[in-house]
Number of protein chains: 2
Amino acid sequence: MIAGVLGGMGPAATAEFYAKLIARTVAERDQDHLRVAIWADPTVPDRVAAVLDGSTDPYPALLAGAEKLRDLGASVLAVPCHTAHFFLPRLAADSGVPFVDMVAETADFLAGRTGPVGLLGTRGTIAAGLYQRRVPEVEWVVPSEAGQREVDAAVAAVKRGDLAAGAAHFDRALAEVDVPLSVLACTELPLVAGNATGVLDPTDLLADAVIRRCGGKPVDARPSA
Amino acid sequence: MIAGVLGGMGPAATAEFYAKLIARTVAERDQDHLRVAIWADPTVPDRVAAVLDGSTDPYPALLAGAEKLRDLGASVLAVPCHTAHFFLPRLAADSGVPFVDMVAETADFLAGRTGPVGLLGTRGTIAAGLYQRRVPEVEWVVPSEAGQREVDAAVAAVKRGDLAAGAAHFDRALAEVDVPLSVLACTELPLVAGNATGVLDPTDLLADAVIRRCGGKPVDARPSA
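Everything numeric in this text was worked out from a predicted model, so none of it was measured. Along each chain, residues carry numbers from 1 onward, in the same order as the chain's sequence is written. As a convention, the first chain written is A and the first ligand written is 1, with the rest following in written order. The predicted origin of the model limits local features to residues at a pLDDT of at least 70 and limits the giving and counting of side-chain atom pairs to 80 or more, whereas totals for whole chains, interfaces and linings rest on all residues. Values shown for side chains rest on all heavy atoms present in the structure; no hydrogens or waters enter the calculation.

1. Quick word on the relation of the copies chain B and chain A
Then, number 1: We place the copies in one frame by least squares, fitting the C-alpha atoms of every residue whose pLDDT is at least 70 in both. Superposing chain B onto chain A takes a rotation of 180° plus a shift of 0.0 Å along the axis, which leaves an RMSD of 0.0 Å. The transformation just described matches what one would write down for a two-fold rotation axis. Taking the C-alpha atom as reference, chain B places Ile38 of chain B closest to the rotation axis, 2.4 Å from it.
Then, number 2: A share of 100% of interface residues in chain B that are also interface residues in chain A marks the association as one of identical surfaces. The criterion used for residue contact is that any of the two residues' heavy atoms lie within 4.5 Å.

Below you can see the structure in the form of structure tokens.
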């Protein structure tokens, strides 16, 4: 069983996700770990613009990546990019390979919860309503325009490799939503969230789901919420 | 141009190498980064035993991985595993894809150097003479049996995810060779070397060589030696 990772969006988030897949697998030796194939194409056109105004079209590149992973033998795929989840149903149908859905995993985790939950993600993820439609029971708190600018700046800082600047922007964004729990709904954010409390990292849930799906055993370290 | 990474030996070392490829690329945005394909198969039979006594044969699995990456479009390959470099000439010939050779990059870096240089690697890498044959001008200092046991324990600790134990074993191994410069000739060791001084990490050199080969620009952070 081979897990395919459709990545590169961004590359650092993909590397972090792969490291997480490894760190969250119970293993004594190399051979206990998953067989993983990663296709990391950072040249995929902007996903956020595609969702917001259709001015870009990442779909052909996303499908080509999924097909490459399928042809290489991957029997389940994961995309460590929230905004790209907008295209997930179509990608699964067109590629013929099932995806582990990070938004669905997070929805399962949040089941039964009510009250305010912060949503820190790209403008594309928020506009697409990926989380709001899937988990309508909670009161989603999105940043103000000033707060969203901090999220955008944190994401951009990670993409240019400036984690210190990213962490400062992230801290301000998190403080701005000011709720007990916030979802890190962009895969760049875990790279600058440090040990912030009151955050839920969906890539932890995605990693655990991929590990289970491939017959591995995730470590006993469920995120708290 | 797609860089292929033949990885999984071990998986954490591969994740670290991919993170390094990203961190060492001058980039303002996703699209400045390399397109990378990674085939990480941790079930490849033990490379060390293969070199030491021929009791395992990782070659078919290594070649299958190289061929998968080739078929996926990779035009240059890198293997973040020193011991696997034993098989590099054969792999390049059989797969028809050129490899960036981490040992050769390190040899270039050490050119002109004389005097003692520590060699911390697996028993397979040391027995194969990968570094000793390529850089005969320096006086290679290999650990004593007790020191090698610390290296072995450091590597095993990384493979089971215990970085704290790995760091303690590494520190003792490094202290034992007791020379001004030591080569981290196993890709698990950079994960536990911390900020140790007097070490050269060949994966830095491999990453920079891959970045240049694919038309990217490495950051100006050459290791010192």
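2. What about the sheet that holds strand 4 (residues 99-100) of chain B?
Two orientations exist for strands paired in a sheet by backbone hydrogen bonds: parallel and antiparallel.
Then, number 1: Spatial strand order, 4(A)-3(A)-1(A)-2(A)-2(B)-1(B)-3(B)-4(B): 8 strands in an open sheet with mixed pairing. Every other strand in the sheet has two partners, leaving strand 4 (99-100) of chain A together with strand 4 of chain B as the edge strands with one partner each.
Then, number 2: Helix 3 (residues 59-71) of chain B rests against strand 1 (2-7), strand 2 (35-40), strand 3 (76-78) and strand 4 of chain B of the sheet, and its axis sits at about 160° to strand 1 of chain B. Here a strand pair is declared whenever DSSP counts at least two bridges between the two strands. In this text, helices come from DSSP runs of H or I with a minimum length of four residues, and strands from runs of E with a minimum of two, each type numbered from the N-terminal end. Note on method: axes are straight lines fitted to C-alpha atoms, helices fitted across the in-contact stretch only, with angles between N-to-C directions ranging 0 to 180 degrees.

3. Remarks on the interface of chain B and chain A
Where interface size is given, it is often the accessible area lost as the parts come together that is meant.
Then, number 1: Each partner contributes residues to the interface: chain B has 34 residues there, and chain A has 34 residues.
Then, number 2: For any pair of parts, buried area is found by adding up, for both, the accessible area (1.4 Å probe) each one loses once the two are put together. Overall, the association of chain B and chain A removes approximately 2,800 Å² of surface from exposure, summing both partners, and the carbon and sulfur fraction of that is 57%.
Then, number 3: Ranking the residues of chain B by area buried against chain A places Tyr18, Asp30 and Leu72 of chain B at the top, with a combined share of 21%.
Then, number 4: In the sections that follow, a salt bridge refers to a side-chain nitrogen of Lys or Arg positioned within 4 Å of a carboxyl oxygen of Asp or Glu. In this assembly, chain B and chain A are joined by 6 salt bridges.
Then, number 5: Residue Asp30 of chain A is joined to Arg47 of chain B by a salt bridge in which the shortest nitrogen-to-oxygen separation is 3.3 Å.

4. Considerations on the environment of Ala165 of chain B
Residues and elements named next belong to chain B.
Then, number 1: Topologically, Ala165 is positioned in helix 9 (residues 163-177).
Then, number 2: Residues Ala165 and Ala154, 11 residues apart in the sequence, show an inter-C-alpha distance of 7.1 Å.
Then, number 3: When sequence neighbours within four positions are dropped, the list of residues in contact with Ala165 reads Ala157 and Arg160.

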